[in-house]
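Summary of the model geometry
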Amino acid sequence: MTENNTDWETISIVIIGRGGMGAVTACEIIAEAAYLSGNFVDVQAYPTFGTERRGTPVQAFAKLSRKEKIWDRAAIEHPNIIIVLDVTVLNEVIASSIEKNGIFIINSDKEPQFFAKKFNLPNSIKIIVADINKLAVERGLIIDGAPMVNTPILGLLSRSLTELNLDNINKVVQKRMSNELAKLNIELIQEGFNLAKML
Amino acid sequence: MTQTEIADKEKNIKILTGNYAAAHAYMQSRVGVISAYPITPQSPVVEKISEFIRDGKLKAKFLLVESEHSAAAACCAASATGSRVGTATSAHGLMLMYEMLPWASGTRLPIVINLATRSCGAPWSIWDDHSDFIAARDVGWIQFMCEDNQEIYDTNFQAFKIAEDPRVYVPTIVAYDGYLLSHTLMPVQLENQENIDAFLPPLKHHINLSDISQIKGVGPVTTPNIIKREEGTAPGYYEFRYALQKALENSIDVIKEVHDEFAEKFGRSYGNGLFKTYKTEDADTIIFAMGSVSAQTRTVIEKLRADGLKIGLVTLRLFRPFPVKYLRDFFKGKKNIVIFDRAIGYGYEGVLCYELKAALYGLQDPPFIKGFIVGLGGRDVKGEHIIEGVHRALELSKKGEITYETEFLGLKLDELDFLD
């Protein structure tokens, strides 16, 4: 299967993970990179409203709009894209919330078919999987003892949403991090991009 | 980012939360004193400001205090010395400040509060509604409600300029929905410092406490009547409060003037500065709302119009002083008004609802008005709730039926299994 350019007018993205994994940061990078790309006139990124604690399941959100200003302030019910940083928080309810032509991006050592079967996902949904944990551990992108997967997984997103190309993601990463850390992150985003297994 | 960096870039758009938009506006307004106490969802405003001060980007005194009451008291004192003063708070933080709010307005101190709105307990809730904003209604402050992060940034400069205008001298609240704006990143066009400085020159305060010979007294004790002595005549409380009310009434012209000047200088406007209209040209039915509720309504106006309704939206920006004259002019001849309130005047109805009803008193052939409550305590306000409310209101209008009970949209009583 080839890279797919989605033609949604507005794109809603939900990232699920655990507190401390950087779901919120990843959404912020997506929104900034999308705006920087010039393909979106308006963007939003926001955390789960309320309190977040390290280790507990968390969600973060982004909305990207091609033409119109985003006035929608309601919660995302059927995301176009779900990004899973930690499969242990992925459940039936979350999996079935995805829009019918949606894209699933999952950090896992399993094959995409595994998730299609487990959650009974229709063929219209694209599933992109890579073992980002392994990649982060191997390359030493570890902070406070935990592999950081939130930026490398953006390589997978860029694979499916080509307008959000790696250049823009890298520029935002460069701006937000120290030189050394940015360099490693950018390399891993590229490797994540290359590792993507798609269904 | 330093101020020179801002000046260097022609179009400096940053992706910022509402809280950071407010903090940037404070920095670029060159506030002299900030005093605040942290409370969710406001805290990032003052955290960012303390960073700006630490990094030398803002030369200001940050007064750490032990409560919001002390923060408000410190703001009053600092403002009385002639400094430009700002703070930020939410919900019970504002309620703890409450005692000082009429002091600030009565003393005519041009303080600005950024309010990231939040519901008031009990029960405990950190999520958004407009209860805190509404609770500050009757203490003599100017009150703005913003609809996006750009408006937060822009309104802050206007707020200082309005509050500090000698025709006004009234403290001002700039409010925005907690979380929905306070924690949501959006593109915000930041203006260069030179242009901000030209729009908002340094405060020339009417009281200069550093000049002992000039002190006439701040917050004096007044009596029910005027006191006449050889050294001069002291107004009574009544005269002071008359002056405050007149200042608020007259501020509407200043608010429009400042808004128009900002629009001309920076190219961004917010309706007539008092309220914004959307698709109202041919509309006979108007939705009236503010903040997040209004924003959500914008997403369904086209859909309602496609269903054949001649419907538009009025977003209230200026809640106090309530722009009665302009609202009367606008609503004259309209058929129906549907109002969505994210706050209740408990024991009565939605606050915008009864305020607008009163404002339209005596209009010939008055519009049919129906109000709904939405989104208390952060309950999601969906487009479908707005559509449901509009249809319900139009059905009542057709029958000419006036209802006396508040109606809540998006309630889930049927999911409470302990209810019969």
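This text follows the structure it describes.
Looking at the packing of helix 2 (residues 18-28) of chain B against helix 3 (residues 44-54) of chain B
Each pair of packed helices gets described by two things: the angle between the helix axes and the distance between those axes. Residue and element names in this part refer to chain B. Interhelical geometry of helix 2 versus helix 3 gives an angle of 40 degrees and a closest axis separation of 8 Å. On the basis of their axis angle, the class for helix 2 and helix 3 is oblique. In this structure, the crossing between helix 2 and helix 3 has a hand that is right-handed. Contacts from N19, Y20, A22, A23, H24, Y26 and M27 in helix 2 reach P44, V45, K48, I49 and F52 in helix 3.

Here we look at the interface of chain B and chain A
With 22 residues of chain B at the interface, the matching set in chain A holds 19 residues. Taken together, the two surfaces of chain B and chain A that pack against each other cover about 1900 Å², and 64% of this comes from carbon and sulfur. Summed over the shared surface of chain B and chain A, the number is 2 salt bridges. For A:E77, the salt bridge is made with B:K382, and the minimal N-O distance between the two is 3.3 Å. Across the chain B-chain A interface, the total number found is 9 residue pairs in polar contact (both at pLDDT 80 or more). Breaking the side of chain B that touches chain A down by element, the ones donating at least two residues are strand 1 (12-16), strand 8 (186-190) and helix 11 (291-306) of chain B. Counting residues per element, the side of chain B that touches chain A draws most heavily on helix 11 of chain B, which supplies 5 residues. The residue inventory of the side of chain B that touches chain A, partitioned by class, reads 12 nonpolar, 5 polar and 5 charged.

Comments concerning unusual backbone geometry
In this structure, B:P41 follows B:T40 across a cis peptide bond, with omega equal to 0 degrees. Inspection of the secondary structure assignment puts B:P41 in the loop between strand 2 (33-36) and helix 3. A cis amide bond links B:R320 with the next residue in sequence, B:P321, at an omega value of -5 degrees. One can find B:P321 in the loop between strand 14 (318-320) and helix 12 (324-331). Positive phi values are uncommon outside glycine, yet A:N120 reaches one of about 55 degrees.

Here we look at the pattern of salt bridges
All names here are of chain B. Tallied over the entire structure, the rule returns 43 salt bridges over all chains. Close ionic contact of E355 with R320 constitutes a salt bridge, the shortest N to O distance being 3.1 Å. Of the two residues, E355 is situated in helix 13 (residues 351-359) and R320 in strand 14; the sequence distance between them amounts to 35 residues. A residue is classified by how much of its surface remains accessible, and R320, at 16% relative accessible area, is buried. A cluster of three or more residues bridged by salt bridges with shared partners is formed by E147, E151, K276, R298 and R317.

With respect to the pairing of strand 7 (residues 172-177) of chain B
Residues and elements named next belong to chain B. Among the 6 residues that make up strand 7, 6 are buried, leaving the element largely enclosed by the rest of the structure. When strand 5 (residues 112-117) meets strand 7, the two strands line up parallel, connected through 6 bridges. The residue of strand 7 that forms the bridge with L115 is A175. Sheet topology note: the strand 6 (residues 142-145)/strand 7 ladder contains 4 bridges and is parallel. The residue of strand 7 that forms the bridge with M145 is A175. Tracing the backbone out of strand 6, into helix 8 (residues 149-163) and back to the parallel element strand 7 gives a crossover that is right-handed.

Conventions we followed
Residues numbered from 1 in each chain as written. Chains lettered and ligands numbered in written order. Predicted model: local features only at pLDDT ≥ 70, side-chain atom pairs only at ≥ 80, totals over all residues. Heavy atoms only, no water. Axes fitted to C-alpha atoms, helices over the stretch in contact; angles between N-to-C directions. Helix = DSSP H or I, 4+ residues; strand = E, 2+ residues; numbered from the N terminus. Parallel < 35°, antiparallel > 145°, perpendicular 65-115°, else oblique. Left-handed = near helix turned anticlockwise from the far one by under 90°. Contact = heavy atoms within 4.5 Å. Buried area = accessible area lost by both parts, 1.4 Å probe. Salt bridge = Lys/Arg side-chain N within 4 Å of Asp/Glu carboxyl O. Polar contact = N/O pair within 3.5 Å; in protein donor to acceptor, adjacent residues only side chain to side chain. Nonpolar A, V, L, I, M, F, W, Y, C, P; charged D, E, K, R; others polar. Buried < 20%, exposed > 50% of the residue type's maximum accessible area, 1.4 Å probe, protein only. Pairing = 2+ DSSP bridges. Right-handed = clockwise from strand over helix to strand, strands pointing away.

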